[in-house]
Amino acid sequence: MNNYNTPLPYQTKSGIETGGKKVVVVKIGQGGNVIDRINSSINAGETLFIRAENGDIRINEWNPVNETNGRNIYLGGNGTRNIILRHGQCASFIKMDGGNGIEKCAYQLVSISN
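Calculation rules
- Residues numbered from 1 in each chain as written.
- Predicted model: local features only at pLDDT ≥ 70, side-chain atom pairs only at ≥ 80, totals over all residues.
- Heavy atoms only, no water.
- Helix = DSSP H or I, 4+ residues; strand = E, 2+ residues; numbered from the N terminus.
- Buried < 20%, exposed > 50% of the residue type's maximum accessible area, 1.4 Å probe, protein only.
- Contact = heavy atoms within 4.5 Å.
- Areas by Shrake-Rupley, 256 points an atom, 1.4 Å probe, with all protein chains shown as cover.
- Salt bridge = Lys/Arg side-chain N within 4 Å of Asp/Glu carboxyl O.
- Pairing = 2+ DSSP bridges.
- Core = buried A, V, L, I, M, F, W, Y, C linked by side-chain atoms within 4.5 Å.

Caption draft 1: Looking closely at the overall build of the protein chain. Looking only at helices and strands, the protein chain features zero helices and 10 strands. The N-to-C order of helical and strand elements in the protein chain reads β-β-β-β-β-β-β-β-β-β. Looking at the protein chain as a whole, 41% of its 114 residues are labelled buried. Restricting the contact set of the protein chain to residue pairs at least 6 apart, pairs at least 24 apart contribute 54%. Accessible area for the protein chain stands at about 6,000 Å²; split by element, carbon and sulfur atoms hold 45% of it.

See the structure below:
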């Protein structure tokens, strides 16, 4: 299992940089506990697993029509604005080619497991 401990926030936006890793453990520390954006070099159609460690993580959804916050995470619509990934839980995402003409890619939530 790859262990990539990323401090939050990522640069000026809240997010994580995973490189080519497909399994990441996000340890909650001094940087915060919010993810608005995922940056990775995996290909569209590949799966990324994010596990919360040492606390809870809030993952915020993007607005595919009028995205102004630099977010690229899709939680399924239905009015869901964010999810809380509890300590020890793992969320799986599939990387998709950008669907709104602004972002190059987006990450669709597939499931959350304990």
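Caption draft 2: Spatial organisation of the pattern of salt bridges. This model, assessed by the stated rule, comprises four salt bridges. Of the charged contacts in the structure, one is a salt bridge between E46 and K22, with a shortest N-O distance of 2.9 Å. Of the two residues, E46 sits in the loop between β4 (37–40) and β5 (47–53) while K22 sits in the loop between β1 (15–19) and β2 (23–27), which places them 24 residues apart along the sequence. Put simply, R86 and D56 hold a salt bridge, and the shortest N to O gap is 2.8 Å. Within this pair, whereas R86 is found in the loop between β8 (82–85) and β9 (90–97), its partner D56 is found in the loop between β5 and β6 (57–60), the two being separated by 30 residues in sequence. Owing to a relative accessible area of 29%, D56 belongs among the partly exposed residues under this scheme.

Caption draft 3: Summary view of the sheet that holds β6. Spatially, β3-β6-β8 is the arrangement adopted by the three strands of the open sheet, whose pairing is mixed. Both edges of this open sheet fall to β3 (34–35) and β8, since each of them pairs with a single strand only.

Caption draft 4: Looking closely at the sheet that holds β5. Spatial ordering of the open sheet is given by β2-β5-β9-β10-β7, a layout of five strands whose pairing is mixed. Each end of this open sheet is capped by a strand with a single partner; those strands are β2 and β7 (73–74). The pairing of β2 with β5 spans five bridges and is classified as parallel. From the neighbouring strand, V24 faces β5, where its bridge partner is I50.

Caption draft 5: Local environment of the nonpolar core. One finds I38, I50, I59 and F93 to be the most contacted residues of the largest nonpolar core, which totals 20 residues. Elements that contribute at least two residues to this core include exactly β2, β5, β6, β8, β9 and β10 (105–113). Residues contacting I38, with those up to four places away along its chain left out, are I16, L48, I50, N72, I73, F93 and Y107.

Caption draft 6: Structural context of the pairing of β5. Bridge count for β5 against β9 is five bridges, and the pairing is antiparallel. Bridge pairing links F49 to S92 in β9.

Caption draft 7: View of unusual backbone geometry. For N54, which is not glycine, the phi torsion reads 70° and is therefore positive. Mapped onto the elements, N54 comes out in the loop between β5 and β6.

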